[in-house]
Each structure stands twice: as structure tokens, then as C-alpha cells.
Amino acid sequence: MESQFAKYKAIGDLIVSQGQDFVLSLIILVVGLIVIKILTKLFRQMIGKFIFRPQMASTVSNIFFVILLLIVVASALEQAGMATIVIRRILIVIGLAVVGLIAVFRPLIPTLPFKVGNTVKFGDLLGKVEATTILNTRIRTFDGKTVFVPNSKILNEFVINYHFTDTRRIKVDVGIRYDQDILKAKQVLETIMIEDPRVLLKPARPTVYVLNMADNCVKLGGRCWVDNLKYWTTRCELIEKTKLRFDQEGIIIAFPQLDVHHFHGDVSPEFPGEEI
Amino acid sequence: MKVNEALKVIDDGWVRKPKGFRVHFQKQVDSEWVTEYAPGEKEKALDSDVVAWRLAWKLSEARKSDKSENDDGDLVNIYIVDDLGHPIKYYASNQFEVFNRREI
């Protein structure tokens, strides 16, 4: 009973002598965390103007956050009465442990097949990766929606990363009527692609193929390569120019149609075996 | 002649691939006509003639005036030039076109 009383008395003495320091250290910790959050946000906005690669900007601001966090934690512990040398040792041990854990388990952690800023598609979702966390990925679709996708779902899906390669091939398919000049149409389509500054000569020069002799048209296929980031606008503009230039050159684009031939009883069939 | 050499001849002589496009226009400043470009000559040129012609058309619509006398800020003789400063044909008509044409 006496020993219990002595214990309570010791705690009481500690609170009287060190209580103020504990409260102060707690305040430093709470206020410090709030200030860190604000400063990191400001820092992120500021470096966003100088560093244009989102991944690098994110890494730099994370490092900034960790440094500030260490300073705040060290200050709080020092205020609580812990010796500076002890704080340093604890932080070094924690740092080494984290680095060691990451080095050991990094190969076992599944990585996402994209980086922040990449344009990706999985399932029906197409958009730009804005941020990734351990649990989910934030995607901004091109019509302005923000979608949070669980990483587990991404890892189980086919993912198309449009930034993985520098270049991408454009297909400009157009069907012309059977009575049109194929060679002229091929030449016009090839010229449209070649004269566009965005169309590249490598990995392959622009080419036009006769793809198919379909039910109602001869199908031509223009193929050319462009920078991945210019794919969409170049494709749309090449299609626009193809329609306009074909009109100017008098090349008639085919449309789906069905010719019905009606024979009267007194007319003999045009082809042997044809029923009247 | 090797195929590579033949391809080089074709690249140089068949269809010229412009390196960029600018909108050319003349602007009245202090009763004098000044030739300017958008984007400016020190800025990076546009890589799309479609975008350049669209910009030219919007500029001409924005500064279109029925008045016979000229005002400061008027933009006239608007057309597209390539990286060498040569006018290019309007892709929609395959003709050389000038928006807000005015004899100066």
C-alpha cells in the first residue's frame, strides 16, 4: 500500500516538474504538423511552376515533407526533456530500418505500370493519372471527372499506358467508290500525311494500303507515325483534311448502299444462272 | 542509286514538310500599318495548319468592321505563313486565301 502511494507520489512530482514541458512538446507537435501540411501544400504549388514532371515534383515535395516532419518531431522530443543525442540516434535507427525494409521488400511489392502524368486506359476508363497512393490511384478523365480506382483492381486488369512509347501509329481509313481512281486517291492521302509537320519519317514513313474490296467500296488505309502526345489532334485533323482534299480532287467517298436490280418476266437474266 | 538515297531525293523534292505555321496580319498603329505574326517570330510556331487557320479566322471575325476608314487596332490581310514566311494554301479550299483583305 505504501509502495503504491509512493508510485502515485512520484507520478505527481513528475507532472509538477515536467508537465509543462510535456504540454509544450505536445503543442509543438500538433502545431508543427498543421504548419507542415500548409507549408508542403505551398511548396508543392511553388515547385509545380518550375518542375514540369509531376512525378519529380511529387518526390521533391515528399522529401520536403519528411525533412520538416523530422525537425518537428525532434523539437517536440527535445522539449519533452529527451537528450539531443538520443533523439538523433532514434531518428537514425528509424531511418535505417525504413531503408532496410524498403530494400528487402521492394521487389515483392507489385508496382503500378504507370507514373503520375501518364495517360492510361483500363477497362472503359481513359484518363490522366493525377496521383497514386498505396491503396488507390486518382485518375482525371478527359471530360473532367475524377475517379479513384483501387490499385488491386488495376493490377488485375489489362492496362494500356499511352506514354510508354514515344510514338504511335495513326490509321486513316477511307472507302472510295469502285469507279474512282485508286492511284490518285492513294497519292492524295499520302500527300496529306507527308506534308503534316507532326507526321514522322521514323519508325516508318507514311504509307497507303488498299485494305479491302468491300461490299460497297474500295477501302484505303493510310498509316503514319506521330509523337504519342500529338496523336489525338493529328488524327482528327488528318481525317478532316482527307475529307476536304478528296472533295477538292473529285474523289468520291463511298457510303454504305445496296443496289437492288428488279427484272421483269420478259427480260433474260444478265448473268448465266441468275434467277429472274 | 541506293533506296536510301532515292528516299532522300523524294523527301527533298516531292512534298515540302513545313516546320511550323504562323498567322500573318497587318495592324494599324499610330496610323501606320505594321506587320506582325501570331505566335511572334521569337516564339515557337504552331505545328498545325488547321489550328493556325482557325486562329486566323477567329482574329478576322474579332476585328471585322464595316467602316470604310481605318481604326487603330484593325487587323487586316490575315493569312498563314510557313516557317520560311511563305503563304500557304487554305486546306479547306486548296487556294491561297486572305481574311479581312485590304489594299494598303
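A quick note: this is a predicted structure, and the numbers were derived from the prediction, not measured. (Residues numbered from 1 in each chain as written. Chains lettered and ligands numbered in written order. Predicted model: local features only at pLDDT ≥ 70, side-chain atom pairs only at ≥ 80, totals over all residues. Heavy atoms only, no water.)

A closer look at the nonpolar core
Formed by 19 residues in total, the largest nonpolar core has its most connected members in A:Ile170, A:Ile176, A:Leu220, A:Leu238 and A:Phe246. At the level of secondary structure, the elements contributing two or more residues to this core comprise β6 (167-176), α5 (182-194), β8 (218-227) and α6 (231-249) of chain A. The dominant element in this core, judged by the number of residues it contributes, is α5(A), at 5 residues. The next biggest cluster of nonpolar side chains, apart from the first, holds 17 residues, and it includes B:Val50, B:Trp53, B:Ala56 and B:Tyr79. (Core = buried A, V, L, I, M, F, W, Y, C linked by side-chain atoms within 4.5 Å. Buried < 20%, exposed > 50% of the residue type's maximum accessible area, 1.4 Å probe, protein only. Helix = DSSP H or I, 4+ residues; strand = E, 2+ residues; numbered from the N terminus.)

Considerations on the side chain of A:Gln180
Residues and elements named next belong to chain A. Its place among the elements puts Gln180 in the loop between β6 and α5. By relative accessible area, Gln180 is classed as buried at 15%. At 3.0 Å, the side chain of Gln180 and the backbone nitrogen of Ile252 are in polar contact. (Polar contact = N/O pair within 3.5 Å; in protein donor to acceptor, adjacent residues only side chain to side chain.)

Thoughts on a nonpolar patch on the surface
Residue and element names in this part refer to chain A. Together, Val23, Leu26, Ile27, Val30, Val31, Ile34, Val35, Ile38, Leu39 and Leu42 give the surface a local cluster of nonpolar side chains, amounting to about 880 Å² of exposed area. Tracing the chain through its elements places Ile27 in helix α1 (residues 2-48). Taking the relative accessible area as the measure of exposure, Ile27 reaches 46% and is therefore partly exposed. (Patch = residues over 30% accessible without salt bridge, like charges linked within 9 Å, V, L, I, M, F, W, Y side chains within 5 Å. Areas by Shrake-Rupley, 256 points an atom, 1.4 Å probe, with all protein chains shown as cover. Salt bridge = Lys/Arg side-chain N within 4 Å of Asp/Glu carboxyl O.)

Quick look at the packing of α6(A) against helix α2 (residues 49-62) of chain B
The interhelical angle for the contact between α6(A) and α2(B), taken along N-to-C directions, is 80 degrees, at an axis separation of 10 Å. Of the possible angle classes, the one that applies to α6(A) and α2(B) is roughly perpendicular. Residues A:Glu237, A:Glu240 and A:Lys241 of α6(A) form the contact with α2(B), whose own contacting residues are B:Asp49, B:Val50 and B:Val51. (Axes fitted to C-alpha atoms, helices over the stretch in contact; angles between N-to-C directions. Parallel < 35°, antiparallel > 145°, perpendicular 65-115°, else oblique. Contact = heavy atoms within 4.5 Å.)

Focus: the packing of aromatic side chains
Overall, the coordinates contain 6 aromatic pairs over all chains when judged by the stated rule. For the ring pair A:Phe114 and A:Phe122, a centre distance of 6.4 Å and an interplane angle of 20 degrees mean the geometry is stacked. A:Phe122 carries the same exposure label as A:Phe114, and that label is buried. Seen from their ring centres, B:Trp53 and B:Phe99 are 5.7 Å apart, and the 80 degrees between their planes marks the pair as edge-to-face. Residue B:Trp53 is located in helix α2, and its partner B:Phe99 is located in the segment after β3 (75-82); the two are separated by 46 residues in the primary sequence. Counting every residue linked through ring pairs, the aromatic cluster contains B:Trp53, B:Tyr90, B:Tyr91 and B:Phe99. A:Arg168 extends its terminal NZ or CZ atom over the ring of A:Tyr231, reaching a point 3.6 Å from the ring centre. (Phe/Tyr/Trp six-rings, centres within 6.5 Å; stacked < 30°, edge-to-face > 60°. Lys NZ or Arg CZ within 6 Å of the ring centre and 35° of its normal.)

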